[in-house]
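Remarks on the overall topology
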Amino acid sequence: MRRQQRGSVPRDRDAEDGWEVARLSGGASLDGVRLAGFRDRAAVGLDMQVLPQPAVVVVIALGDAPFTVESVTGHRPMRSFVAPLSPGPAHIRGERVMCVEVCLSPQAAHTLLGVPPRELDGSVTALEDLWGRHARLLRERLTDATTWQERLVLTDAFLTRRAAGAPTMSPEVAAAWDTIVAHRGRVRVADLAASFGWSRKRLWSRFTDQIGLTPKRAAVLVRFDHAARALHAGDSASDTALACGYADQSHLHRDVRALAGCTPGALAGRATSAG
């Protein structure tokens, strides 16, 4: 997820601002999985607009305090949730936050979620709606654990078991995604399809079914992610537009407005990446 400047799931560099951050020693066992633990040590609270990014994010709350998820369908308390690649307008709030965050590549999400990504319908979804009692049991075990490494190892083992025998993404779709990421979204769908000997229609259908976005939308998302990082790093809108392959600054402005609901300047001031 991407966060506003105030009180949300932070990166390591925010630890001094009152967040305790833990990473799994040695990294996750599965490709395309990143694990982290977060605790709101200073009680600053979570106040986060969910923005698109090229990863599916699972957040598992520890303890009894739920998150409040605000979306076009209203307010809903969730103890754990899944944010898809392009989550639509949503806002997450919480107090006394303590959670495990799992960032999944689209390939890992295809294997681990248990439902086709397109069925998330571009909205933040309660984890129990996908994993049922397994989500509740995992959350209870993580809450009972006494150290961050124990919690992260438990999560890693759970995901490894879940991946055993689960369907994997087709090699062509996985390669198409990797190509889009490697080229920072600057690819032509027709050329991508031709590289696999597929028609544009076939790639469009298979990619959308297994990723949850069309190839064109995925390219827009990856390019936006690079632009958001550049803007937050202090690059000007004009330099960012040029470096990230936008036709001009107004093109960047339109994409940022469509995906983040704000101007590039506002996005630079509030957004950073978790995980």
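Residues numbered from 1 in each chain as written. Predicted model: local features only at pLDDT ≥ 70, side-chain atom pairs only at ≥ 80, totals over all residues. Heavy atoms only, no water.

1. Comments concerning the nonpolar core
Of all hydrophobic cores here, the largest spans 50 residues; its most connected members are Leu104 and Phe207. Considering every element that reaches this core, the biggest residue donor is helix H4 (residues 148-163), with six residues. Not counting the four nearest positions on each side in its chain, Leu104 is found in contact with Gly32, Val33, Ala55, Val56, Val58, Ala109, Leu112 and Leu113. (Core = buried A, V, L, I, M, F, W, Y, C linked by side-chain atoms within 4.5 Å. Buried < 20%, exposed > 50% of the residue type's maximum accessible area, 1.4 Å probe, protein only. Helix = DSSP H or I, 4+ residues; strand = E, 2+ residues; numbered from the N terminus. Contact = heavy atoms within 4.5 Å.)

2. Observations regarding the sheet that holds strand E6 (residues 67-71)
Judged by pairing direction, the sheet is antiparallel, and its four strands sit side by side in the order E4-E9-E6-E7 without closing on themselves. The sheet is open, and its two borders are formed by strand E4 (46-49) and strand E7 (74-78), each paired with just one other strand. When strand polarity is set aside, the average angle formed by the axes of neighbouring strands in this sheet is 20°. Pairing between E6 and E7: five bridges, direction antiparallel. Directly across from Phe67, in E7, lies its bridge partner Met78. (Pairing = 2+ DSSP bridges. Axes fitted to C-alpha atoms, helices over the stretch in contact; angles between N-to-C directions.)

3. Some points on helix H8 (residues 215-232)
Three or four residues apart is the spacing at which side chains of an α-helix point the same way, because the helix has 3.6 residues per turn. In a regular helix each residue adds 1.5 Å, so 18 residues correspond to 26 Å; H8 covers 26 Å between its end C-alpha atoms and thus fits that length. Burial within H8 is extensive, with 13 of its 18 residues counted as buried. (Expected span 1.5 Å × (residues − 1).)

4. Points about the confidence of the model for the protein
This prediction gives the protein a mean pLDDT of 87; 91% of its residues lie at or above 70. Confidence scores differ between elements of the protein, with strand E1 (residues 2-3) showing the lowest mean pLDDT of 38 and H4 the highest of 97. pLDDT under 50 marks residues 1-14. Its contacts with residues more than four places away, or in other chains, come to 71 contacts. Low confidence marks residues 271-275, where pLDDT is under 50. Its contacts with residues over four positions away, or in another chain, come to 24 contacts. (pLDDT = per-residue confidence, 0-100.)

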